[in-house]
Amino acid sequence: MRVPAKLNLQLAVGPPRADGYHDLVTVFHAVSLFDEITARPAERDGVSVSGEGADRVPEDGDNLALRAVAALRAAAAADAGGVHITIAKRIPVAAGLAGGSADAAAALVACNELWGTGLGQPQLLEIAAQVGSDVAFAVLGGTAVGRGRGERLTPALAPATSYHWVLAFADGQLSTPAVYAALDRLRAAEAGGPAAESGGPAAKHGAAEQGSATRHGSAEPVLDAALMSALRSGDARQLGRALSNDLQPAALSLFPALRKTLAAGLELGALGALVSGSGPTCLFLAASADRALDLAASLSGAGVCRSVARATGPVPGAAVVPAVR
Ligand code: C5P
């Protein structure tokens, strides 16, 4: 299986819910940075992980891919045998790119094939949603609006435009729950202090906070009409201006060096710059494949990140690839 990383072109976050999650409106976008997953029959379930950041991925029942295998077995394949999952990682771990969710999605689709369970996409999406908020999107791929925890998906109808992205990987990780908690603290401080009148902390970060729903103080997350219009018209410039992420101020508060990375990308001509999901990866939109190549080289030389990668999107979700012999 091959499964893509995701970006959030918009991530609007509501207040915390009773179950600890936050209601979201997000625009997911799958890009051509892939993990590769193999599923083979085995005596008992197991997982082995190699590649980018493999030492930070659990190889026990906590592994999201094994949790997806267990969820499929419980839902639809009670008498299925054991399976060994092999994951070759290229999506960095705890980087805001949903790499763990991607591996879970691939394991789910792989075992559905391996066991001949025969579940269709709607049923797979339901099981995926139980495993994690981003897993269903990794099954679907493309560009899609996510609501609820992010698991309720509507594919975005858009022309077949391919966008050129540059990803700047940071030297370090951010924990997703820690970033959501930092956002709750920032918002509580904003509501209680004078910053609320002046537009809140988000307003101070200038271009790095473009389009943030936080800036407008909205409690209910709302889909950004300008972003959707940019996607419908395939206009990269408009898309670059409309990128937004409510988690960005929280990620920047925990990882201040990312400000420099975002600023460097904009100075180097990116059409837009944003922290990816809960970070710390930063994403930049380029006007063309050539501009992405230039931007990647310049960012790499600027010393503002650990490494860079180029990717295009949208791409399909978890899919079987023919074995190369
Ligand atoms: O669903 P998943 O396990 O990927 O979420 C990881 C963590 O991110 C959750 O435990 C929660 O702290 C936070 N989260 C959230 N609201 C969401 C999605 C994730 O608060 N909609």
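Residues numbered from 1 in each chain as written. Predicted model: local features only at pLDDT ≥ 70, side-chain atom pairs only at ≥ 80, totals over all residues. Heavy atoms only, no water.

A. Focus on the overall build of the protein. Of the regular secondary structure elements, the protein holds ten helices and eleven strands. A compact globule built from 325 residues would reach a C-alpha radius of gyration of about 20 Å, and the protein, at 19 Å, matches this within 12%. Principal-axis analysis of the C-alpha atoms gives the protein an extent of 60 × 45 × 40 Å. Looking at the 325 residues of the protein, the share that counts as buried comes to 53%. Taking the contacts inside the protein whose residues are at least 6 apart along the sequence as the reference set, 75% of them involve residues at least 24 apart. (Helix = DSSP H or I, 4+ residues; strand = E, 2+ residues; numbered from the N terminus. Rg over C-alpha atoms; globule rule 2.2 N^0.38 Å. Buried < 20%, exposed > 50% of the residue type's maximum accessible area, 1.4 Å probe, protein only. Contact = heavy atoms within 4.5 Å.)

B. Highlighting unusual backbone geometry. Here the residue pair glycine 279 and proline 280 is connected by a cis peptide bond, since its omega of 5° sits within 30 degrees of zero. Tracing the sequence through the fold places proline 280 in the loop between β9 (272–275) and β10 (282–286). Backbone torsion omega between glycine 313 and proline 314 reads 0°, so that peptide bond is classified as cis. When you line up the elements, proline 314 lands in the segment after β11 (307–313). Phi at alanine 94 takes a positive value of approximately 50°, unusual for a residue other than glycine. Inspection of the secondary structure assignment puts alanine 94 in the loop between β4 (82–89) and α2 (99–114). Assessed through its relative accessible area of 36%, alanine 94 is described here as partly exposed. Notably, alanine 98 is not glycine yet its phi reads approximately 60°, a positive angle. Along the chain, alanine 98 turns up in the loop between β4 and α2.

C. Structural context of the pattern of salt bridges. Enumeration over the complete set of coordinates arrives at eight salt bridges. Residue lysine 89 pairs with aspartate 103 through a salt bridge whose shortest N-O separation is 2.8 Å. Pair noted here: lysine 89 is in strand β4 and aspartate 103 is in helix α2, with a separation of 14 residues, a long-range link. Each member of the pair lysine 89 and aspartate 103 is classed as buried. Across the pair arginine 187 and aspartate 246 runs a salt bridge, and its minimum N-O distance is 3.1 Å. (Salt bridge = Lys/Arg side-chain N within 4 Å of Asp/Glu carboxyl O.)

D. Representation of the site of the ligand in the model. The environment of the ligand is made up of Gly20, Tyr21, His22, Leu24, Gly132, Ser133, Arg149, Thr176, Pro177 and Tyr180. With respect to the ligand, the side chain of histidine 22 contributes an N or O atom lying 2.7 Å from an oxygen atom. Between the ligand and the protein, one listed contact pairs an oxygen atom with a side-chain N or O atom of serine 133 at 2.5 Å. Protein burial of the ligand: of its 460 Å² of free accessible surface, 76% is covered by the chains. Going through the elements one at a time, β2 (22–42) and α5 (176–192) are the ones with two or more residues in the shell around the ligand. With three residues, α5 is the largest single contributor of residues to the shell around the ligand. Taken together, the residues of the shell around the ligand sort by class into four nonpolar, five polar and one charged. (Near = heavy atom within 4 Å. Polar contact = N/O pair within 3.5 Å; in protein donor to acceptor, adjacent residues only side chain to side chain. Areas by Shrake-Rupley, 256 points an atom, 1.4 Å probe, with all protein chains shown as cover. Nonpolar A, V, L, I, M, F, W, Y, C, P; charged D, E, K, R; others polar.)

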